[in-house]
Amino acid sequence: MLLAPAVTPWMTTLAGVGANNPGIRLVRYDRNTGDLTDVSQYYSDLALANQEGSPLWGQEYSLRETFNLPDASTASLQDLLDSFSDESSDNFQKYYRYNSVGYDLSACDGSCKVAQLCAIKEVDYEKYGECINAVGSGANNAWVKALFSIVVPLAVAVFSLVA
């Protein structure tokens, strides 16, 4: 979930891989315990840099402030990941926007969201593929909801005919 962005971004034609603005991360930690306390991302908007004639760097986000986390511990990151499946939360869309360092501002849902969640949850390529193809993977909530939106009304209709 906290893969660092590239300082030298590139465009690609690889499926599912997008471009990003250049970015760097500042990681804050407790010097006594080594525990992560926050991660801030800084970036330069390439479109704006081209208009202005030079790159302008600024803070894009702070993990704690943006996602309302107490710290950057593994427990907090797990809570954040869990919130990505909550349709009432905008955390996943914020994550997606920051993942491309503000380059891709489009919404990510359906298969895009499944691919992103599987990539976060599974770093092994084979397990990633299994996650993508798993119906009840937890990453595939959009697919399951779509299936239920068809099956449940159909079952209700069938049972009402029988009764």
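The structure under discussion appears in the preceding block.
Conventions adopted
- Every chain is numbered independently, its residues counted from 1 as its sequence is written.
- Reporting of local features is limited, given that this is a predicted model, to residues whose pLDDT is at least 70; pairs of side-chain atoms are given and counted only at 80 or more, and all residues count toward the totals for whole chains, interfaces and linings.
- The basis for every side-chain value is the complete set of heavy atoms in the structure, and neither hydrogens nor water enter the calculation.
- Residue burial is assigned from relative accessible area. The probe radius is 1.4 Å, only protein chains are included, and a residue is buried under 20% of its type maximum, exposed over 50%, and partly exposed in between.
- Secondary structure elements follow DSSP: runs of H or I no shorter than four residues count as helices, runs of E no shorter than two count as strands, and numbering proceeds from the N terminus.
- Here, patches come from residues exposed beyond 30% relative accessible area and free of salt bridges, joined within 9 Å for like charges and within 5 Å for nonpolar side chains (Val, Leu, Ile, Met, Phe, Trp, Tyr).
- Exposure was quantified through the Shrake-Rupley algorithm and a 1.4 Å probe, taking into account, for residues, occlusion by the shown protein chains and nothing else.
- For salt bridges, the criterion is a side-chain nitrogen of Lys or Arg within 4 Å of an Asp or Glu carboxyl oxygen.
- The contact criterion used throughout is that any non-hydrogen atoms of two residues lie within 4.5 Å.
- For this analysis, a nonpolar core means a set of buried residues of the types Ala, Val, Leu, Ile, Met, Phe, Trp, Tyr and Cys, connected via side-chain atoms within 4.5 Å.
- This arc is built from the directions going out from the helix axis to the C-beta atoms.
- Two N or O atoms form a polar contact when they lie within 3.5 Å of each other; inside protein one atom must be a possible hydrogen donor and the other a possible acceptor, and for residues adjacent in sequence the pair counts only when both atoms belong to side chains.

### With respect to helix α4 (residues 91-99)
Looking at α4, one finds that the buried residues are N91, F92, K94, Y95, Y96 and Y98. Just beyond α4, the residue with positive phi is V101, at close to 55°.

### Re a nonpolar patch on the surface
On the surface, V7, I24 and W57 cluster together to form a nonpolar patch covering roughly 290 Å² of accessible area. Position of I24 among the secondary structure elements: in strand β1 (residues 23-29).

### Some thoughts on unusual backbone geometry
If you check the backbone angles, N68 has positive phi at about 55° while not being a glycine. Along the chain, the position of N68 falls in the loop between α2 (63-67) and α3 (74-83). Judged by its relative accessible area of 69%, N68 falls in the exposed class.

### Side note on the side chain of S76
On the secondary structure map, S76 appears in helix α3. If we ignore the near neighbours within four places in the chain, the residues touching S76 are L69, P70 and D71.

### Quick word on the nonpolar core
With 17 residues, the main nonpolar core has L63, F67, L80, F84, F92 and Y95 as its most contacted residues. Mapped by element, the contributors of at least two residues to this core are α2, α3, α4 and α5 (111-121). Counting residues per element, this core draws most heavily on α4, which supplies four residues.

### Topic: α3
Every buried residue of α3 is accounted for by S76, L77, L80, L81 and S83. Viewed end-on, α3 has its buried residues packed into an arc of 160°, placing them on one side of the element. Where α3 is buried, its residues meet α2, α4 and α5.

### Quick notes on the environment of D71
By secondary structure assignment, the location of D71 is in the loop between α2 and α3. Non-local contacts of D71, meaning those with residues more than four positions away in its chain, are made with L36, T37, R64 and S76. Side chain to side chain, D71 and S73 meet in a polar contact 2.8 Å long. Among the polar contacts listed, one links the side chain of D71 to the side chain of S76, at a separation of 2.6 Å.

### Observations regarding the pattern of salt bridges
Any two side chains of opposite charge can pair, on the condition that their charged atoms come close. The full count for this structure, using the stated rule, is two salt bridges. Of the charged contacts in the structure, one is a salt bridge between K113 and E87, with a shortest N-O distance of 3.7 Å. Here the residue K113 occupies a position in helix α5, and E87 occupies one in the loop between α3 and α4, the gap between them amounting to 26 residues. The class for K113 is buried, based on a relative accessible area of 12%. One salt bridge connects D90 with K94, and the closest N-O pair in it is separated by 3.7 Å. By relative accessible area, D90 is classed as partly exposed at 46%.

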